Amino acid sequence: MAEQQQFYILLGNLMSPDNDIRKQSEEAYDTIPGQTKITFLLQAIRDAACAEEVKTMAAVLLRRLLSSSFEEIYPGLTVDMQTAIKTELVTSIQTEASPNIRKKVADIAAELCRNLLDDDGNNQWPELLKFLFDSVNSDNVGLREAALHIFWNFPGIFGNQQQHYMEVIKRMLVQCMQDQENPQIRTLAARAAASFVLSNEGNAALLKHFSDLLPGILQAVNESCYQGDDSVLKSLVEIADTAPKYLRPNLEATLQLSLKLCADTTLTNMQRQLALEVIVTLSETAAAMLRKHTAIVASIPQMLAMMVDLEEDEDWSMADELEDDDFDSNAVAGESALDRMACGLGGKMVLPMIKQHIMTMLQNPDWKYRHAGLMALSAIGEGCHQQMEAILNEIVSFLLLFCQDPHPRVRYAACNAIGQMATDFAPTFQKKFHDKVISALLQTMEDQTNPRVQAHAAAALINFTEDCPKSLLIPYLDSLVQHLHVIMVAKLQELIQKGTKLVLEQVVTSIASVADTAEEKFVPYYDLFMPSLKHIVENAVQKELRLLRGKTIECISLIGLAVGKDKFMPDASAVMQLLLKTQTDFNDLEDDDPQISYMISAWARMCKILGKEFQQYLPVVMGPLMKTASIKPEVALLDTQDMENMSEDDGWEFVNLGDQQSFGIKTAGLEEKATACQMLVCYAKELKEGFVEYTEQVVKLMVPLLKFYFHDDILLMGALTTSAESMPLLLECARVRGPDYLTQMWHFMCDALIKAIGTEPDSDVLSEIMHSFAKCIELMGEGCLNNEHFEELGGILKGKLEEHFKNQELRQAKRQDEDYDEGMEETLQDEDENDVYILTKVSDILHSVFSSYKEQVLPWFEQLLQLIVQLVCPSRPWADRQWGLCIFDDVVEHCSPSSFKYAELFLRAMALSLCDTSPEVRQAAAYGVGVMAQYGGENYRPFCTGICI
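Presented here is a report on the structure given in the accompanying data block. (Residues numbered from 1 in each chain as written. Predicted model: local features only at pLDDT ≥ 70, side-chain atom pairs only at ≥ 80, totals over all residues. Heavy atoms only, no water.)

Across its full length, the protein chain carries 46 helices and three strands. Against the globule reference of 30 Å for 949 residues, the protein chain gives a C-alpha radius of gyration of 32 Å, in line with a compact fold. Taken over the C-alpha atoms alone, the protein chain extends approximately 85 × 85 × 60 Å along its principal axes. Taking all 949 residues of the protein chain together, 56% fall into the buried category. Summarising the internal contacts of the protein chain: among those between residues at least 6 apart in sequence, 72% fall at separations of at least 24. Here the protein chain displays about 41,700 Å² of accessible surface, and carbon together with sulfur accounts for 50% of that area. (Helix = DSSP H or I, 4+ residues; strand = E, 2+ residues; numbered from the N terminus. Rg over C-alpha atoms; globule rule 2.2 N^0.38 Å. Buried < 20%, exposed > 50% of the residue type's maximum accessible area, 1.4 Å probe, protein only. Contact = heavy atoms within 4.5 Å. Areas by Shrake-Rupley, 256 points an atom, 1.4 Å probe, with all protein chains shown as cover.)

Here it is as structure tokens:
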């Protein structure tokens, strides 16, 4: 009893607001054996005298214990103990008076049951199923709630008996959704039904069988929203994301409900945005299905209405700190929804729907409508690219008028639209409108009374110059430089007198962008800017000026790169000393200091400028760079309960794994990590053997990145791609140390690269890994792969080729789908291009193997032979035939005369392809005939002679 009391105190301390007490308690809790934890936690949950918050804590800890450590603890318990735990949980649900605790115990039961479902789908806790059925039919509302909660939490609870119980499950859900006396039962039943649908998303027959539950789910969405509960609405968003076809029979009703809720200003902003999210998600996951429904047209005014939901703020235009977008605001949510819908449904549908609305808004006397119209124009550019490009003259002429609008926030929105369109429509936008746009932006940058507008005009100029052809920018250099210099000088004075910096930050980046595009043509203006820029770096040392200092460091390094070594060298030493001083203080910088990523990139540019002379600085640079590149993202496997306590606002991003579980990754520091990895590649590329001292530690950093599979985050994907890119470069650096060192390094890379080719899910990252692997083989040559490597690689390449054919079949099946339309065809063609790109990388790998190993690799290649033959069949798409022929070209070029034993498999295809309608196929065939004549030997003579005749 004393031990149990001590445990209660420990539970209380685990909730302490005092960090030290909580940390000590966590350490004490971790030392308790698993079995003892279970006993104490169960006792706490059942103890009626225990405070509710302590019981809640005990329930949460027990669920987490079963979730994270089931295999380590539960199988080691005696059968009696296991039975007692099951009985205790069921008894607690039946007797617990507190609805909150009962729900927590139901979560524990669901978690235990999830772990007790074996690999064959046998539920080793059949008593819980009986309890489930008995409770659903009970008069006790609390028990009905608990049963539905368990089923919602673990919809796979029936295991391999699901088909047998199908009608019972359906009847149970229908009965509960029709419970007129208890709205909470209807809500829970709807959530449970949605959870069941989501867990069976791939079972078309089941979804069809359960389609008549959807009206009940929609009714529950409507009812629960007006009770302040958006849980069923969130479930509907999940269905739209994961199982959109389930909504097809009631799509019109789903759209109408979503539009109604979105338009209802009595609901919370979050509820209205969730209702809009249903439609927007469907536009991404089931665009073809959605394009057929006229109700979708009504969603455009809803988004635009949200974008008008702006607050008056007299101080807005004078703000010197840019706040991050408030993603909870209706205006930002509406803009994001419009952007996504345009990309999802395509411009052919969206532009005609929205064009007149935008034109009307732009003529409204209320500035909020003009602002929203311009922001809408910014948002749809990517999705409506093709359609807007045809009327770009009309759009831009009208758009530029708003740079003179009387309201500063409208002028800001005009700059925003210019900047976005300069990116979306580059370089057409720059070629057509350079004179008008540069003039309008420079004029807007003179708006001294509205610094925020001034800064945004400078930001738009950055977007414009980044993608502007050099020849177009040169005639404007004098005018651009004059304006930028005048503003920089004025804003430097303002910084000294008032401490304001926002415009200066943007102008410094504008100067960098102009220099970057102008390159050597910027030389005459170098002396105009460099003294002031160095002055900023020397003196802007206060914390609030970190971003300005970082951007100025970036600007100096970009100007140096633009004007070249000769012009920059007189300042190079002073600039290097400034950078070195910052680098020396690197350890004192906070982790979120913006100077870090700017510094890292600046060093890499200095490396490009100085070349081999940069090698002397590596001892200073590499320590902090490796520290940043070594940042380990915080990751966690979370269930729904845990996610309720976490937020994407805290820097967490989530990937839904299904079955009420998600994978979370904290993105803080990932941008810096990705940048640092790219800079390491830059050093290896520029310095080659001069980087050899660091190759080993860099390889040890990069290789493990290939094994990090959960990377929905774009920044982490960048780091992974860079990791793959670095491998052949690091081998190149290491060559100077001799063959033994090189081989040792290759062995460390090789297994990870091959495994990554087999497991990498993202096609962009995969193609980079395959390309790097091929480069490494070419560099290392014969003997770099052992038998195990060949066996694994052969299986993986065979799998990639089989997947290629399977994906083509699936795309053909989609072309027979009732929702197939022109928009879906565009998507399918994009998918096809991705597949073909992977096929090119398969060809690259085979080329590297054939060129390194010659004829001795042919027996290994035979496992792939029939698949390559399939590629060159006349019925295959031209890209398949092109790359199939390229592979046979390599066989002939590197493996002759032995290659002739396969000649009957490809000679006819080669001959026919010489007259193919596709130039790519003709080129591959012609190259093949050439290598037959050059390397094939006597056996190929009759074929080559016949072709020539």
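Moving on, we come to the layout of surface pockets. Each pocket or cavity is described by its volume, and for the second largest pocket that value is around 1,200 Å³. Around the second largest pocket, the lining is made up of 45 residues, and of these Thr285, Ala286, Ala287, Ala288 and Met824 lie nearest the centre. At the level of elements, helix H11 (204-209), helix H15 (269-285), helix H16 (287-291), helix H18 (330-345), helix H19 (347-362), helix H21 (385-389) and helix H41 (822-853) are the ones that each hand at least two residues to the lining of the second largest pocket. In terms of residues, the lining of the second largest pocket owes the most to one element, H41, which gives eight residues. Grouping the constituent residues of the lining of the second largest pocket by class yields 16 nonpolar, 13 polar and 16 charged. (1 Å grid on protein atoms, 1.4 Å probe; cavity = no way out; pocket = protein on both sides within 12 Å on 5 of 7 lines; lining within 4 Å. Points joined across faces, edges and corners; volume = space filled by probe spheres on them. Nonpolar A, V, L, I, M, F, W, Y, C, P; charged D, E, K, R; others polar.)

So, on to the packing of H15 against H18. Where H15 contacts H18, the two axes come as close as 8 Å, and the packing angle between them is 10°. Relative to H18, the element H15 is oriented roughly parallel. Every residue of H18 that contacts H15 at Asn269, Arg272, Gln273, Leu276, Glu277, Ile279, Val280, Thr281, Ser283 and Glu284 is listed here: Asn330, Ala333, Ala337, Arg340, Met341, Gly344 and Leu345. Of the residues in the contact of H15 with H18, the class split is seven nonpolar, six polar and four charged. (Axes fitted to C-alpha atoms, helices over the stretch in contact; angles between N-to-C directions. Parallel < 35°, antiparallel > 145°, perpendicular 65-115°, else oblique.)

The linkage connecting alanine 426 with the following residue, proline 427, adopts the cis geometry, with an omega of -5°. Turning to its location among the elements, proline 427 is positioned in the loop between helix H23 (408-424) and helix H24 (428-444). Following serine 896, the chain continues to proline 897 via a peptide bond in cis, the omega torsion being 10°. For proline 897, the position within the fold is in the loop between helix H43 (878-895) and helix H44 (903-913). Not every positive phi belongs to a glycine, and glutamate 519 is a case in point at roughly 55°. Its location among the elements puts glutamate 519 in the loop between helix H28 (502-518) and helix H29 (526-539). On the basis of relative accessibility, which here comes to 38%, the residue glutamate 519 falls in the partly exposed class. Unlike most non-glycine residues, lysine 688 shows phi in positive territory, near 50°. With respect to the helices and strands, lysine 688 occurs in the loop between helix H35 (670-687) and helix H36 (695-705).

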